[in-house]
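Residue-level listing of the chains:
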Amino acid sequence: KNQVEQSPQSLIILEGKNCTLQCNYTVSPFSNLRWYKQDTGRGPVSLTIMTFSENTKSNGRYTATLDADTKQSSLHITASQLSDSASYICVVSSSGGGADGLTFGKGTHLIIQP
Amino acid sequence: GAVVSQHPSWVICKSGTSVKIECRSLDFQATTMFWYRQFPKQSLMLMATSNEGSKATYEQGVEKDKFLINHASLTLSTLTVTSAHPEDSSFYICSATRQTYEQYFGPGTRLTVT
């Protein structure tokens with residue numbers, strides 16, 4: 001059964017600090033891995049998409065890494081801001097673009113405190 | 001580009017009534033649209049996949065007679081929750097894809113059935 005596990009479930013850090021969120025997956029076949037940011041009461045917004053051959057991808061203060069051998073990914077947030085408070089969802093695709101090939105993690109709920 | 005809208009953003013209805021939620025791709029033609037449901041602190045759960053001009057494909061356990069999906073054009077899909085009950089209260093999110101594998105999510109619709 002395809003699964004995506006995220007840790008920690010929740011995290012509280014002070015504004016300006018860095019943090020790293022983890023994603024472990026058992027999805028086969030593997031097509032790509034995505035990180036989304038979901039603000040409370042809003043839809044997810046894409047941060048990064050990585051295919052098998054990509055080890056790292058950045059989007060501003062967000063940097064995602066992928067180790068396809070160990071089936072692990074991380075999302076590193078640098079110099080956190082209050083607006084980073086959200087849920088971060090790791091999604092692994094086993095097909096090209098069909099949603100039926102997507103396995104969602106439960107997300108990490110991140111709170112940035114001033 | 002690639003903006004997806006939903007309407008309404010929130011709705012309250014009485015038990016037994018029906019409610020329609022619209023999902024529009026504002027600046028692109030979506031080959032496929034997807035409908036998700038999300039309960040508090042849970043991951044997104046795919047309900048159905050719809051392609052323009054054809055019947056929707058529902059996930060196992062999702063009642064197609066209760067959740068009617070109409071994909072009338074390449075920019076509009078609607079989800080109608082028929083004879084709604086309090087257990088249908090949830091956050092409904094749609095997403096749309098173009099030719100690439102990227103999915104663009106709408107902002108979500110909060111449904112409360114009283």
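Residues numbered from 1 in each chain as written. Chains lettered and ligands numbered in written order. Predicted model: local features only at pLDDT ≥ 70, side-chain atom pairs only at ≥ 80, totals over all residues. Heavy atoms only, no water.

Asker: Before we move on, could you go through the sheet that holds strand 3 (residues 19-25) of chain B and cite the residues and values that matter?
Answerer: Residue and element names in this part refer to chain B. Pairing is antiparallel in the open sheet, where four strands are placed in the order 1-3-8-7. The open sheet has two edge strands, strand 1 (4-7) and strand 7 (67-73), and neither has a second partner. When strand polarity is set aside, the average angle formed by the axes of neighbouring strands in this sheet is 15 degrees. Of the pairings in the sheet, the one linking strand 7 to strand 8 (residues 76-81) comprises five bridges and is antiparallel in character. Bridge pairing in strand 8 links leucine 68 to threonine 80. (Pairing = 2+ DSSP bridges. Helix = DSSP H or I, 4+ residues; strand = E, 2+ residues; numbered from the N terminus. Axes fitted to C-alpha atoms, helices over the stretch in contact; angles between N-to-C directions.)

Asker: Could you give an account of the side chain of arginine 34 of chain A, naming the residues involved and the relevant values?
Answerer: Residues and elements named next belong to chain A. By the element assignment, arginine 34 lies in strand 4 (residues 32-38). Residue classification places arginine 34 among the buried positions, given a relative accessible area of 0%. A polar side-chain atom of arginine 34 sits 3.5 Å from a polar atom in the side chain of tyrosine 36. (Buried < 20%, exposed > 50% of the residue type's maximum accessible area, 1.4 Å probe, protein only. Polar contact = N/O pair within 3.5 Å; in protein donor to acceptor, adjacent residues only side chain to side chain.)

Asker: Any details on the state of the cysteines? Residues and values, ideally.
Answerer: Residues and elements named next belong to chain A. With the rule as written, the count across this model stands at two disulfides over all chains. Sulfur-sulfur distance for the disulfide between cysteine 23 and cysteine 90 comes to 2.0 Å. Where cysteine 23 bonds to cysteine 90 through sulfur, the torsion about that S-S bond is close to -65 degrees, and the disulfide is left-handed. Of this pair, cysteine 23 sits in strand 3 (residues 19-26) while cysteine 90 is found in strand 9 (residues 86-93), placing the two residues 67 residues apart along the sequence. The class for cysteine 23 is buried, based on a relative accessible area of 0%. (Disulfide = S-S within 2.5 Å.)

Asker: Lay out the nonpolar core in plain terms, naming residues and giving numbers.
Answerer: With 26 residues, the main nonpolar core has Val4, Phe28, Trp35, Phe67, Leu79, Tyr92 and Leu111 of chain B as its most contacted residues. Elements with a contribution of two residues or more to this core: strand 2 (10-13), strand 3, strand 4 (32-38), strand 5 (45-51), strand 7, strand 8, strand 9 (90-97) and strand 11 (109-113) of chain B. Sequence-distant contacts of valine 4 of chain B, defined by excluding residues within four places in its chain, comprise Cys23, Arg24, Ser25, Phe28, Cys94, Ala96, Tyr104, Phe105, Gly106 and Pro107 of chain B. Core analysis: the next-biggest nonpolar cluster, separate from the first, contains 23 residues, Tyr25, Met50, Ala68 and Leu110 of chain A among them. (Core = buried A, V, L, I, M, F, W, Y, C linked by side-chain atoms within 4.5 Å. Contact = heavy atoms within 4.5 Å.)

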